[in-house]
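# A structural walkthrough
As a plain string of letters, each chain reads:
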Amino acid sequence: MAPSTPLLTVRGSEGLYMVNGPPHFTESTVFPRESGKNCKVYTFSKDGTLFAWGNGEKVNIISVTNKGLLHSFDLPKAVCLEFSPKNTVLATWQPYTTSKDGTAGIPNLQLYDVKTGTCLKSFIQKKTQNWCPSWSEDETLCARSVNNEVHFFENNNFNTIANKLHLQKINDFVLSPGPQPYKVAVYVPGSKGAPSFVRLYQYPNFAGPHAALANKSFFKADKVTMLWNKKATAVLVIASTDVDKTGASYYGEQTLHYIATNGESAVVQLPKNGPIYDVVWNSSSTEFCAVYGFMPAKATIFNLRCDPVFDFGTGPRNAAYYSPHGHILVLAGFGNLRGQMEVWDVKNYKLISKPVASDSTYFAWCPDGEHILTATCAPRLRVNNGYKIWHYTGSILHKYDVPSNAELWQVSWQPFLDGVFPAKTITYQAVPSEVPNEEPKVATAYRPPALRNKPVTNSKLHEEEPPQNMKSQSGNDKPLSKTALKNQRKHEAKKAAKQEARSDKSPDLAPTPAPQSTPRNTISQSISGDPEIDKKVKNLKKKLKAIEQLKEQAATGKQLEKNQLEKIQKETALLQELEDLELGI
């Protein structure tokens, strides 16, 4: 019997152990704690029923369901482990070494039969990058890259190469997810003025000039990241250069390309210049989210036509994470950012919560689609190590801080197959928690002595863009550019100013309807001749305008502070005071 909620595996200087998931958070008896600092690696099988780890002497496999040791292998230097999708094979990798006399080293990539414990095949694999063979979900196909070729094995028979895909200088490949027919995306870097390209093939049709399902060539690519969607109908390609020759970005240059298996391809037009921080597919395979642009970064959801569907505006973020069911999206700013998270309901495009996970180096959705794991791990950060379990509504349900003399190296959820946990209705009310949600203290900006007793001016380095639904624009019409949007706003402001001037000049005429941007509760301006009364009227109107803006923010789903809610409650009293003053006039 699998546990009702996924287990949490923790590896650090305190040893390797497991913790029961929400709501218990007690140490699990499934795996007895292995103390010491020698554990270098661990992994779960795809369905979470098997667990393997290396303790510096052996690599062990246990059954999580039966709590029994299945196999133990003498692999003291193993640093990488991976199970095949149906738990048939365990792949292990040790650093490649050669002898002092220059003779070739011994094979360092081993494939073990999980059932019998015998070694099925050994290979020489010099690089850690792409060390593990790629399996199809039913394990009928397995592929690995060898010297400008992709070798394919069928039904885990590693003694016979069933097929080869040969292209000059193949740098990377990705096997498609999902059922047959299987597809493979391959990347070949450009050379001597020739462009780089990504091609999609359907196994086993590799021969001939028209064998490729789709082809996309591009310049400016030192490396690429290829992302298949879940239904294996399209690939997103992030092409990156190590250096931006214009000097505009420290991160090099990135472009985003879309390639479909029906032969269609396109460059995804991103409305803001700058780096591409993250791109993720929704599990529905019908849309993807990109986080891009110089800080504050934009985040936009695109459909399969590469048209923008919803723009989340700008903010301090550099990562995006869809929930396992695809109905919630977290936009986050980790690394050199403060750890602010925005949790969005992507069906209704409504903000659920805005928690802050300071100093986080790791983020993961729980397979149940309700809980979130954030952690601060060494060696990325050697201070304040620990992890937190959140509910997506922003509540911290569990928190563990590692002692100051210890380190946390790795923490992760036990995986489960899709469909084990059904999707639940989204709630916007924060769930109760006994763990206090400590908001990080924001340091106040330095103010020179001459300005310390003067009022603070709200000057901003960047003009923040609010979220906006792009569906109305995403048909045949192209979305407006940033410059066009600014010009449109200026035009609307001039139009509103002209209408106000007309109404002031001709009081006998019926007043023109106020533009949408003006607060609905403000009363037309009048001058009393008494500067003191005029000043009070002006201040009251300013407060009412601020209240109207707060109400609009609340309507979009933003959580307001206590003092902001108190301001809204004062609206009726302020309107009465304004009316009394103007009647007195």
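This one's a predicted model, so the numbers in the text were calculated from it and none came from an experiment. (Residues numbered from 1 in each chain as written. Predicted model: local features only at pLDDT ≥ 70, side-chain atom pairs only at ≥ 80, totals over all residues. Heavy atoms only, no water.)

### Re the overall build of the protein
Each helix and strand in the protein was counted, giving four helices and 36 strands. With 585 residues in all, the protein has 44% of them scored as buried. Intrachain contacts of the protein at a sequence separation of at least 6 include 44% that bridge at least 24 residues. Counting every atom, the protein has about 32600 Å² of accessible surface; 51% of that belongs to carbon and sulfur. (Helix = DSSP H or I, 4+ residues; strand = E, 2+ residues; numbered from the N terminus. Buried < 20%, exposed > 50% of the residue type's maximum accessible area, 1.4 Å probe, protein only. Contact = heavy atoms within 4.5 Å. Areas by Shrake-Rupley, 256 points an atom, 1.4 Å probe, with all protein chains shown as cover.)

### Side note on the side chain of Asp-345
Residue position: Asp-345 is located in strand β29 (residues 341-345). Here Asp-345 sits buried without a salt bridge, and the closest side chain of opposite charge, Lys-350, lies 7.3 Å off (N-O distance). Here the side chain of Asp-345 touches Lys-347 through a polar contact of 3.0 Å, landing on its backbone nitrogen. At a separation of 2.6 Å, a polar atom in the side chain of Asp-345 contacts the side chain of Tyr-428. (Lys, Arg positive; Asp, Glu negative; His and termini not counted. Salt bridge = Lys/Arg side-chain N within 4 Å of Asp/Glu carboxyl O. Polar contact = N/O pair within 3.5 Å; in protein donor to acceptor, adjacent residues only side chain to side chain.)

### Describing the packing of aromatic side chains
Tallied over the full model, the rule gives 22 aromatic pairs. Consider the rings of Phe-310 and Tyr-349, whose centres lie 4.3 Å apart with planes at 5°: the pair is stacked. A residue pair is termed long-range when its members are at least 10 positions apart, and Phe-310 in strand β26 (residues 308-315) and Tyr-349 in the loop between β29 and β30 (350-353) qualify at 39 residues. In this structure an aromatic cluster arises from ring pairing among Phe-31, Tyr-42, Phe-44, Phe-51 and Trp-53. Above the face of the Tyr-428 ring, Lys-350 is positioned so that its terminal group lies 4.5 Å from the ring centre. (Phe/Tyr/Trp six-rings, centres within 6.5 Å; stacked < 30°, edge-to-face > 60°. Lys NZ or Arg CZ within 6 Å of the ring centre and 35° of its normal.)

### A word on unusual backbone geometry
Of the consecutive residues Gln-180 and Pro-181, the connecting peptide bond is found in the cis state with omega at 0°. Following the sequence through the fold, Pro-181 ends up in the loop between β15 (172-175) and β16 (183-188). Residue Pro-296 is reached from Met-295 by a cis peptide bond, and omega for that bond is -5°. In this fold, Pro-296 is placed in the loop between β24 (287-292) and β25 (297-303). One non-glycine residue with positive phi stands out, namely Glu-139, at about 65°. Tracing the backbone through its elements, the reader meets Glu-139 in the loop between β11 (134-135) and β12 (141-146). Even without a glycine there, the phi angle at Asn-384 is positive, about 55°. As for its placement among the helices and strands, Asn-384 is situated in the loop between β32 (371-376) and β33 (386-391). Judged by its relative accessible area of 59%, Asn-384 falls in the exposed class.

### Considerations on the sheet that holds strand β4 (residues 50-54)
Across the sheet, four strands lie side by side as β3-β4-β5-β6; this open sheet has antiparallel pairing. Taken across any chain shown, the strands that pair with only one partner, and hence form the sheet edges, are β3 (41-44) and β6 (68-73). Adjacent strand axes in the sheet meet at a mean angle of 15° when their direction is disregarded. Taken together, the five bridges between β4 and strand β5 (residues 59-63) define a ladder with antiparallel strand orientation. Residue pairing for β5: Gly-54 is matched across the bridge by Val-59. (Pairing = 2+ DSSP bridges. Axes fitted to C-alpha atoms, helices over the stretch in contact; angles between N-to-C directions.)

### Description of the side chain of Ser-285
Considering the arrangement of structural elements, one finds Ser-285 in the loop between β23 (276-281) and β24. According to the relative accessible area criterion, Ser-285 is buried, its value standing at 3%. There is a polar contact of 3.1 Å between the side chain of Ser-285 and the backbone nitrogen of Lys-230. Apart from residues no more than four positions distant in its own chain, Ser-285 is found in contact with Asn-229, Lys-230, Lys-231 and Leu-304.

### Here's the deal with the environment of Arg-452
With respect to the element layout, Arg-452 can be found in the loop between β35 (408-413) and β36 (468-469). Classification of Arg-452 as partly exposed rests on a relative accessible area of 48%.

### A few points about the confidence of the model for the protein
Scored by pLDDT, the protein has a mean of 82; 83% of the residues are at 70 or more. Every residue in residues 473-479 is under pLDDT 50, and counting partners more than four places away or in other chains gives nine contacts. This model gives residues 505-526 a pLDDT under 50, and the stretch forms 21 contacts once residues within four places in sequence are excluded. (pLDDT = per-residue confidence, 0-100.)

### A word on the nonpolar core
Grouped together as the largest cluster of nonpolar side chains are 18 residues, with contacts concentrated most on Phe-152, Leu-165, Val-184 and Tyr-201. The set of elements that each furnish at least two residues to this core consists of β12, β13 (149-154), β15, β16 and β17 (196-202). It is β16 that provides the largest number of residues to this core, a total of three residues. Residues within four places of Leu-165 in sequence aside, it is in contact with Asn-148, Glu-149, Val-150, Phe-152, Ile-170, Val-184, Val-186, Tyr-201 and Phe-206. (Core = buried A, V, L, I, M, F, W, Y, C linked by side-chain atoms within 4.5 Å.)

### Topic: the pattern of salt bridges
This model, assessed by the stated rule, comprises 12 salt bridges. Its salt-bridge partner being Lys-46, residue Glu-137 comes within 3.8 Å of it at the nearest N-O pair. Of this pair, Glu-137 sits in the loop between β11 and β12 while Lys-46 sits in the loop between β3 and β4; the two residues are 91 residues apart in sequence, bridging distant segments of the chain. We classify Glu-137 as partly exposed; its relative accessible area is 40%. A salt bridge links Glu-407 to Arg-382, with the nearest nitrogen and oxygen atoms 2.9 Å apart. Within this pair, whereas Glu-407 is found in the loop between β34 (396-401) and β35, its partner Arg-382 is found in the loop between β32 and β33, the two being separated by 25 residues in sequence.

### What about the pairing of β30?
Taken together, the three bridges between β29 and β30 define a ladder with antiparallel strand orientation. In the strand pairing of β30, Val-343 is matched with Ser-353. As consecutive antiparallel partners, β29 and β30 are separated by four residues, and within that stretch Tyr-349 has a phi angle of approximately 50°, a positive value.

### Some points on the sheet that holds β33
Taken in spatial order, the four strands of this open sheet run β31-β32-β33-β34, and their pairing is antiparallel. Pairing within the sheet leaves two strands with one partner each, and these edge strands are β31 (362-365) and β34. Here the average twist between neighbouring strands, direction ignored, is 10°.

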